Amino acid sequence: MSTIITRFPPSPTGYLHVGGARTALFNWFYARHTKGRFVLRIEDTDTVRSTQASVDAIFDALKWLGIDWDEGPYFQTQRFHIYAEYVQKLLDSGHAYYCTCSTEKVEAMRQQAMATGGKPKYDGTCREKGLAKCENAVVRFRAPQTGTTVIHDVVKGNIVFQNAEQDDFIIQRSDGTPTYNFVVVVDDICMGINTIIRGDDHVNNTPRQIMLYKALGAELPVFAHVPMVLGKDKTRLSKRHGAMSVTEYRNMGFLPEAMINYLVRLGWSCGDQEFFTREELIEKFSLEHIGRSAGVFDMDKLLALNADHIKATPPRVLTPHLMPFLKSNGYAAEEGDYLDQVILTLNARCKTLLEMAEQARFYYVDTVEYDPAAAEKVLKPECLDPLNQLLRHMEPLADFSITALEKVFLAVMETTGLKLGKIAQPVRVALTGKTASPGIFEIIEILGKTKVMNRLQQAVAYIENRG
RNA sequence: GGUCCUAUCGUCUAGCGGUCAGGACGCUGGCCUCUCACGCCGGAAACACGGGUUCGAUUCCCGUUGGGACCA
């Protein structure tokens, strides 16, 4: 097999949405899996809706996902001379012709065809006229009128279309601009794309494209039409289903690895495996196991996968992803042993980095604010005795390790006759402001003697004032 | 309206003629436990329907119905 060459051709008319990201991922992973090449092409021929901001947003999203490209980015607006050349080729070989039928006239044809129960299509009025180039003329492709065109689709199998259904479609408008199906084919031929993986919303375009390949004497690429991603109500994914842009998921605290894992696993499988690292995906991704039916985007599953990835990511690898959230919460956090420990106590307790940053608050603030309900429920006068005893035992301690701390708590448990839970909860609220947190000994060890004693004293004062 | 695709628990899916129809998310019962999580053990939950083909269909074929897409 020759080198696999895939491509991703986004239109820069907005952000990169999750559906687009998924097809980009399929193409990228397939190229990487086969040690082939991946080409990026920006389809910006719709000059009205295309913007530089969108181009930048798409690059940004691809970078976050870790998708790089071996060739490009190509911009279609810079390639009009190539399209013109190919139109001429088709004209010269008799595969295309000029047509001067007005849009009104063509529309009338359609109406009439519909009325008589026929297919709405161009009737070939100018087909044999041999018209020369002139003002307001479009260029039409001379499509075969009999026989069939079949797509040998890797995921859907053979899809057969009757050529009689197909009319002589336009490849160049009267203003000289080429049409979508035409430029795609020209580009894919020029760029040597031999494997096209795209959404199955394109299958109906494919017969026209195949006809163009044949007319141009080019070898057909392998087609793999992957099913769409739908929203919860099983309609095409759109804004009302929630976030669409992949970068929004970054802002919500998702790890790119989790996003990749989720998006690729949606519509593709590898036995019962659910969790994949990027490397595993490169190793295992194949076209054979792409499913044939559309899938529903499920936030809960994404969340669960994100939790799994957060748990599996070493602190130092997680740090750069977490840092923006720490900073935006105003913490003076920095990479290092302290943050490593913080992460290790939190990584099994949150589904997103946003949550993790929130839960890390008590590690970074100067004075903890008590959650009103927590203080009300836990910081009661009867806690004064155990808290004061703890303070007394800790005071002379040089070693603030977990083992040393456990001894301190044991001693207080004995003299007070209280169970660990009764002592740990007030300490927890004193140190974190909340009733839920990582293990009490871990927190104490990480926070260190000074902060712990200060916070315990603060709690004692709080209870005394309150009483 | 025409064309095309599609159909296993609520969702993502395994299955590629003979399985107690498996896993994951979510839901749920329990265990662990200093709280919350994590983890572990268990539970409820699916082959859309109707015809064929076959000794035997979730699996192959044809319809129906549902869903989706594209063109208009």
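Per chain, the residues get numbers from 1 upward, laid out in the order the sequence is written. As a convention, the first chain written is A and the first ligand written is 1, with the rest following in written order. Only residues with pLDDT of at least 70 are given local features in this predicted model, and only at 80 or more are side-chain atom pairs given and counted; all residues enter the totals for whole chains, interfaces and linings. Hydrogen atoms and water are omitted, and side-chain values are computed over all heavy atoms in the structure.

### Here's the deal with helix 12 (residues 337–346)
Whether a residue is buried, partly exposed or exposed follows from its accessible area with a 1.4 Å probe, protein chains only, as a fraction of its type maximum: under 20%, in between, or over 50%, in that order. Helix and strand definitions follow DSSP, with helices as H or I runs of at least four residues and strands as E runs of at least two, each counted in order from the N terminus. For helix 12, the full list of buried residues reads L339, D340, V342, I343, T345 and L346. Looking at the buried residues of helix 12, the elements they touch are helix 11 (315–328), helix 13 (353–359), helix 14 (361–364) and helix 19 (440–447). Every residue pair with non-hydrogen atoms within 4.5 Å of one another is taken to be in contact.

### As for the pairing of strand 10 (residues 222–226)
Taking burial as the measure, the five residues of strand 10 include four buried ones, the bulk of the element. With five bridges connecting them, strand 9 (residues 195–199) and strand 10 associate as parallel partners. Residue T195 lies in a different strand from strand 10, and its bridge partner there is V222. In terms of handedness, the path from strand 9 via helix 6 (residues 206–215) over to strand 10 forms a crossover that is right-handed. Between any two strands, at least two bridges found by DSSP are needed for them to pair. Clockwise travel from the first strand over the helix to the second, with the strands pointing away from the viewer, marks a crossover as right-handed.

### Overview of the sheet that holds strand 8 (residues 170–172)
Across the sheet, three strands lie side by side as 4-5-8; this open sheet has antiparallel pairing. Looking along the sheet, the strands with just one partner apiece sit at the ends: strand 4 (96–99) and strand 8. In this sheet, neighbouring strand axes are inclined to one another by 45 degrees on average, regardless of whether the strands run parallel or antiparallel. Both strand 5 (residues 138–141) and strand 8 contribute to a ladder of two bridges, which runs antiparallel. By the bridge assignment for strand 8, R140 is matched with I170. To obtain an axis, a line is fitted to C-alpha atoms, over the contacting stretch when the element is a helix, and the angle between two such axes runs from 0 to 180 degrees between their N-to-C directions.

### A word on the protein's contact with RNA strand B
Residue proximity to a molecule or strand is established when one non-hydrogen atom of the residue lies within 4 Å of it. Around RNA strand B, the structure places 45 residues, and the nearest of them are K156, A348, R349, R428 and S437. Backbone polar atom of V296 to a phosphate oxygen of RNA strand B: 3.1 Å apart, as the coordinates give it. Distance and chemistry together define a polar contact, namely a pair of N or O atoms within 3.5 Å, with one atom able to donate a hydrogen and the other to accept it when in protein, and with adjacent residues in sequence counting only for side-chain atoms on both sides. K311 places a polar side-chain atom, nitrogen or oxygen, 3.1 Å from a sugar or linking oxygen of RNA strand B. Of all elements in the fold, only strand 7 (157–162), strand 12 (295–296), helix 10 (299–312), helix 18 (420–432) and helix 19 reach the threshold of two or more residues within the surface near RNA strand B.

### Describing unusual backbone geometry
For the peptide bond that leads from G72 to P73, omega is 5 degrees, which places it in the cis range. Mapping P73 onto the fold places it in strand 3 (residues 71–75). A positive phi angle is found at N136, which is not glycine, with a value near 65 degrees. Within the secondary structure, N136 sits in the loop between helix 4 (103–115) and strand 5. Judged by its relative accessible area of 57%, N136 is exposed. The phi angle at K234 is positive, at roughly 65 degrees, despite the residue not being glycine. By secondary structure assignment, the location of K234 is in the loop between strand 11 (229–230) and helix 7 (246–251).

### Side note on the sheet that holds strand 3
Picture the strands of a sheet paired through backbone hydrogen bonds; they go either parallel or antiparallel. The parallel open sheet is built from three strands, whose spatial order is 1-2-3. Across the chains shown, the open sheet's two edge strands, defined by having one partner strand only, are strand 1 (5–8) and strand 3. Recorded for the sheet is a direction-independent mean angle of 25 degrees between the axes of neighbouring strands. Both strand 2 (residues 37–42) and strand 3 contribute to a ladder of three bridges, which runs parallel. Bridge pairing links I42 to F75 in strand 3. Lying on the sheet, helix 1 (residues 18–33) is in contact with strand 1 and strand 2; it crosses strand 1 at an angle near 160 degrees. Its contacts with the sheet put helix 2 (residues 52–65) on strand 1, strand 2 and strand 3, and the angle it makes with strand 2 is roughly 155 degrees.

### So, helix 6
Here helix 6 lies mainly inside the structure; eight of its 10 residues are buried. Along helix 6, the residues classified as buried are T206, P207, Q209, I210, M211, L212, Y213 and A215. G217 sits one or two residues past helix 6 and shows a positive phi near 70 degrees.

### Section: the nonpolar core
Counting 58 residues, the largest nonpolar core has Y363, M394, V427, I444 and L456 as its most contacted members. Setting aside residues up to four positions removed in sequence, Y363 forms contacts with Y338, V342, T345, L346, P438, I443, I446, L447 and K451. The criterion is simple. A nonpolar core is a set of buried Ala, Val, Leu, Ile, Met, Phe, Trp, Tyr and Cys residues joined through side-chain atoms within 4.5 Å. One finds F38, L62, V229 and L302 within the second-largest nonpolar core, a separate group that totals 50 residues.

### Some words on the packing of aromatic side chains
Any Phe, Tyr or Trp ring, taking Trp's six-membered ring, that has another such ring centre within 6.5 Å forms a pair; planes under 30 degrees apart are called stacked, those over 60 apart edge-to-face, and the others tilted. For the structure shown, the criterion picks out 16 aromatic pairs. Centroid distance Y331 to Y364: 5.4 Å. Interplanar angle 10 degrees. Geometry classified as stacked. Of this pair, Y331 sits in the loop between helix 11 and helix 12 while Y364 is found in helix 14, placing the two residues 33 residues apart along the sequence. Given a relative accessible area of 5%, Y331 falls into the buried group. Charge over a ring is defined by NZ of Lys or CZ of Arg lying within 6 Å of the ring centre and within 35 degrees of the ring normal. Geometry around Y74 places R79 over its ring, the cationic atom sitting 5.4 Å from the centre.

### Quick look at the pattern of salt bridges
The working definition used for a salt bridge is a side-chain nitrogen of Lys or Arg within 4 Å of a carboxyl oxygen of Asp or Glu. For the coordinates displayed, the defined rule picks out 21 salt bridges. The partner of E257 in a salt bridge is R278, with the nearest N and O atoms 3.3 Å apart. One end of the pair, E257, is in helix 8 (residues 256–265); the other, R278, is in helix 9 (residues 278–284), with 21 residues separating them in the sequence. Under the relative-accessibility criterion, E257 is labelled partly exposed at 25%. Judged by relative accessible area, which is 15%, R278 ranks as buried.

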